[in-house]
Amino acid sequence: MDYDILIPVMRELAIEAGAKIMEIYEAADFDVKVKSDDSPVTAADEAADALISAGLRAAFPDVMLVTEEQADSHKAKGDTFLIVDPLDGTKEFIHRRGDFTVNIAYVENGVPQRGVVYAPARNRMFFTQADGQAVEETGMFDPKKVGTITPINVADSDNDALFVVASKSHRDQATDDYINKYSVKDMKSAGSSLKFCLVATGEADIYPRVGRTMEWDTAAGHAVLLGAGGQVVRFDDHSPLVYGKEDFANPFFIAYAPKVELKEA
C-alpha cells in the first residue's frame, strides 16, 4: 500500500461523509431502523457508507474492504484490508449528543497501520500521516486541502493520578470494577472511537473496554493511538489486539499510554 496515496483518500472521504452525516443530523427528523443484531441504523449510516465504499473501491480496487453496513463484507477472510465504520456512535447520533465519528482504517498483517477518525459535530479530526505519526487537524476541514496539523503523543502517565476515559453508552459495573483497581485522578466519558483519540492526545491515560465491539469500531482509533505512541491489548492476557479475526469481533481490550502499569483483569 502506498501511504502517500492512501492518507489523502481516507481523509477526503471521511470529511465528505461527515458533511453528509451532518446534513441529516441537523434536519428536523430522521428515521431509525433496527438491524438484525438489534443495533440501530439511520439514513446517515447508509449515505456515509455508500460514499466511502465507492471512493475506496475506486481508489483501491484490489484491496479487501470490510464495512459495518455491508453484511456480505463480513464474510471476507484475510489480515490485510480496508475497514470502515461510516458512523460510529449511532446512539450518540440518534440522541443528538455529538460524540459520533467516521472511522476509516487500513489493516496490514493484522495491525491497524493507518487510520482517520473524524468527529464532525465536535470539529475534531485525527489521522495518521504517511510516515505513521498521528496528528490532529484544525481548521475548515476542506476535503482537498489539509489545515493546520499538530503531532499528537500519549501522556507521560503518573500511575498515582491517572485520567480514565470510558464509554458513554456502554458503561457497566464490570468496567467500574476494573477502573477501581487504579489510582484515578479524574474520569471522563466519551462516545465512539473518540476514546482512543483522547488517549492519543494525552487527554486520558487509559481506556478499558469490557464489552462487545467489532473491528470496524476500533481499527481507526487503534491506528491513531499507535501513531501517537500508545498501545491496545487484550483485556485477558495483555497480548496485542490483532485484526482479521473470526466475524471481525473483538475481545475485551485496554487502550493505554505505555507508562500506565496495567492491572490484571
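Up top you'll find the structure we're talking about.
Residues numbered from 1 in each chain as written. Predicted model: local features only at pLDDT ≥ 70, side-chain atom pairs only at ≥ 80, totals over all residues. Heavy atoms only, no water.

### Side note on the packing of helix α1 (residues 3-25) against helix α2 (residues 43-59)
Then step 1. Relative to each other, α1 and α2 sit at 160°, their axes nearing to 9 Å. Classified by the angle between their axes, α1 and α2 sit roughly antiparallel to one another. Our pair here, α1 against α2, has a crossing hand that is right-handed. On the side of α1, the interface is formed by Val9, Leu13, Glu16, Ala17, Lys20, Ile21 and Ile24, while α2 contributes Ala43, Ala44, Ala47, Ala48, Leu51, Ile52, Gly55, Leu56 and Ala59.
Then step 2. Split into classes, the residues belonging to the contact of α1 with α2 amount to 13 nonpolar, 1 polar and 2 charged. (Axes fitted to C-alpha atoms, helices over the stretch in contact; angles between N-to-C directions. Helix = DSSP H or I, 4+ residues; strand = E, 2+ residues; numbered from the N terminus. Parallel < 35°, antiparallel > 145°, perpendicular 65-115°, else oblique. Left-handed = near helix turned anticlockwise from the far one by under 90°. Contact = heavy atoms within 4.5 Å. Nonpolar A, V, L, I, M, F, W, Y, C, P; charged D, E, K, R; others polar.)

### Notes on the side chain of Ser167
Then step 1. Along the chain, the position of Ser167 falls in strand β10 (residues 162-167).
Then step 2. Here Ser167 falls in the buried class, since its relative accessible area comes to 7%.
Then step 3. Beyond its immediate chain neighbours, meaning those up to four positions away, Ser167 contacts Ser189, Ala190, Lys195 and Arg209. (Buried < 20%, exposed > 50% of the residue type's maximum accessible area, 1.4 Å probe, protein only.)

### Some details on the nonpolar core
Then step 1. Phe81, Ile83, Val224 and Leu225 are the most contacted members of the largest nonpolar core, which has 49 residues in total.
Then step 2. Per-element tally for this core: the top contributor is helix α5 (residues 194-200), with 6 residues.
Then step 3. The residues contacting Val224, other than those within four sequence positions of it, are Gly115, Val117, Phe126, Phe127, Thr128, Ala134, Ile152, Cys197 and Ala200.
Then step 4. Core analysis: the second largest hydrophobic core is formed by 35 residues, Ala17, Phe93, Phe100 and Met125 among them. (Core = buried A, V, L, I, M, F, W, Y, C linked by side-chain atoms within 4.5 Å.)

### Some details on unusual backbone geometry
Then step 1. The backbone phi angle of Arg96 is positive, close to 55°, even though this residue is not glycine.
Then step 2. Accessibility expressed as a relative area gives 37% for Arg96, which makes it partly exposed.
Then step 3. The backbone of Ser192 sits at a positive phi, close to 55°, despite the residue not being glycine.
Then step 4. Along the chain, the position of Ser192 falls in the loop between β11 (184-190) and α5.

### As for the sheet that holds strand β9 (residues 148-151)
Each strand in a sheet pairs with its neighbour through backbone hydrogen bonds, running either in the same direction (parallel) or in the opposite one (antiparallel).
Then step 1. Judged by pairing direction, the sheet is mixed, and its 7 strands sit side by side in the order β3-β4-β5-β6-β7-β8-β9 without closing on themselves. Of all strands in the sheet, those with a lone pairing partner are β3 (65-67) and β9, marking the two edges. Averaged over all neighbouring strand pairs, the angle between strand axes comes to 20°, with direction disregarded.
Then step 2. Across 4 bridges, strand β6 (residues 111-119) lies against strand β7 (residues 124-128) in antiparallel orientation. Bridge pairing in β7 links Tyr118 to Met125. (Pairing = 2+ DSSP bridges.)

### What about the pattern of salt bridges?
Then step 1. Summed over the entire model, instances satisfying the criterion amount to 12 salt bridges.
Then step 2. A salt bridge links Asp72 to Lys75, with the nearest nitrogen and oxygen atoms 3.5 Å apart. Neither residue differs from the other here; Asp72 and Lys75 are each classed as exposed.
Then step 3. For Lys259, the salt bridge goes to Asp156, with nearest N and O atoms at 2.5 Å. Note that Lys259 is positioned in the segment after β16 (253-256) and Asp156 in the loop between β9 and β10, a separation of 103 residues in sequence.
Then step 4. On the accessibility criterion, Asp156 (61% relative accessible area) is exposed.
Then step 5. Three or more residues are tied together by salt bridges with common partners; here these are Arg124, Glu136 and Glu203. (Salt bridge = Lys/Arg side-chain N within 4 Å of Asp/Glu carboxyl O.)

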